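Residue strings, one per chain:
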Amino acid sequence: MLDVSGSMNSSNKLPLLKSALKILVDELNVNDKVSLVVYAGAAGLVLPPTSGANKETILNAIENLSAGGSTAGGQGIKLAYKIAEENFIKGGNNRIILATDGDFNVGASSDRAMKDLVKDQRDNGVFLTCLGFGMGNYKDSKLETLAQNGNGNHAYIDTMQEAQKILGTEFFGTIYTIAKDVKIQVEFNPQLVKAYRLIGYENRLLANEDFKNDKKDAGDLGSGHNVTALYEIIPVDTESKYISEENALDPLKYTTSTTSQHQYELATVKLRYKKPNEDFSKVMLASVLNKPIHINEASEDFKFMSAVALFGMQLKQSEYIELKDKKTVIALAEQGLHNDPEGYRSEFVRLVKSYRK
């Protein structure tokens, strides 16, 4: 489902989208089936269901696209789901790919209206991937809302390198959903941890009671997915100006224990998920032992992740950081460049170096 409205008429939008889609077409085979739905002032089908073996037909349909008109995103979504349902492959991977700058301005266009559109469809077994393009009028909030409520994921593409990463290197590892409604709950040991804070994911937080509620929608994981969550913790013997009653630990499992059997556990991690074709969740549980290390002893991956998180907090002018210079970010990131076969980590360092407030 492709946005061909007037707002897509710039070099980093529809032209980039067309080039990016060619990467995806190269990966298709005879077992795949593709349709192209476009929308501007109205929605239309420009390529009926076509075998992935007919690459030339698909590429010609993509090449003939041009931008113009207003943006009836709601109509496009409805038509895309209709085509997906009519060509549903039982046991297959049924997915809609929405590519847009997110600037919906005709028909259902609010975040709430778009959310309701996809929520009504997700139980039919059709997943949704959202790809964002362009700047200026780009509406990331809409794409994230759609992906989150459409049992899918979303990404932003601004260069052909990023297109290769999203639609080439990673796409067929994330497109095959192996777990849906994935939820993670972390319980810290108050004998060791005075306070904690999840860095990022603020819009994905769930109430404690929602963890066991199988009716509560959550994220999905693909076969090649990696998900990383970072926590900042404050040990019990540390004073901090950031501690308040709202982020202090409530009494939980460790404080109610009558023995010291948990004294060496830093936290318990619970993972709850459903298989793609099931409605009831399964749970996995693991304990994390308390093994403090200095940042200099940390892995290269951890150092790089820390650099990305720190830079994100700097951009948001977070109240929770003291280190506000990009030199610290670059120094940490450069210690994590060893495992960088595609050059993505090096690209992050270049971006940070080029950043100007």
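Now for a description of the structure that goes with this document. (Residues numbered from 1 in each chain as written. Predicted model: local features only at pLDDT ≥ 70, side-chain atom pairs only at ≥ 80, totals over all residues. Heavy atoms only, no water.)

1. Some words on helix H9 (residues 300-315)
Consideration 1: If you check H9, its first and last C-alpha atoms are 23 Å apart, about what 16 residues at 1.5 Å a residue would give, namely 22 Å.
Consideration 2: In this structure, the buried side of H9 is in contact with strand E8 (193-199), strand E10 (230-235), helix H10 (326-334) and helix H11 (344-354).
Consideration 3: Phi for Gln317, located one or two positions after H9, is positive at around 50°. (Helix = DSSP H or I, 4+ residues; strand = E, 2+ residues; numbered from the N terminus. Expected span 1.5 Å × (residues − 1). Contact = heavy atoms within 4.5 Å.)

2. Quick look at the sheet that holds strand E11 (residues 265-274)
Consideration 1: Read from one edge to the other, the open sheet built from four strands follows the order E9-E7-E11-E12, with strand pairing classed as antiparallel. Unpaired on one side and paired on the other, strand E9 (219-222) and strand E12 (282-289) mark the two borders of the sheet. Ignoring strand direction, the axes of neighbouring strands in this sheet form an average angle of 35°. (Pairing = 2+ DSSP bridges. Axes fitted to C-alpha atoms, helices over the stretch in contact; angles between N-to-C directions.)

3. Quick word on unusual backbone geometry
Consideration 1: Residues other than glycine seldom take positive phi values, yet Asp181 does so here, at roughly 50°.
Consideration 2: Inspection of the secondary structure assignment puts Asp181 in strand E7 (residues 177-188).
Consideration 3: Positive phi, close to 50°, is recorded for Gln317, a residue that is not glycine.

4. Overview of the pattern of salt bridges
Consideration 1: Considering all chains together, one arrives at 12 salt bridges under this definition.
Consideration 2: Residue Lys274 is joined to Asp181 by a salt bridge in which the shortest nitrogen-to-oxygen separation is 2.9 Å. In this pair, Lys274 is assigned in strand E11 and Asp181 in strand E7, connecting sequence segments 93 residues apart. We note that Lys274, like Asp181, is buried.
Consideration 3: Of the charged contacts, one joins Glu322 and Lys241 as a salt bridge, the two residues approaching to 3.0 Å between their closest N and O atoms. With a gap of 81 residues between them, Glu322 in the loop between H9 and H10 and Lys241 in the loop between E10 and helix H8 (253-256) connect regions that are remote in the sequence.
Consideration 4: Residue classification places Lys241 among the exposed positions, given a relative accessible area of 65%. (Salt bridge = Lys/Arg side-chain N within 4 Å of Asp/Glu carboxyl O. Buried < 20%, exposed > 50% of the residue type's maximum accessible area, 1.4 Å probe, protein only.)

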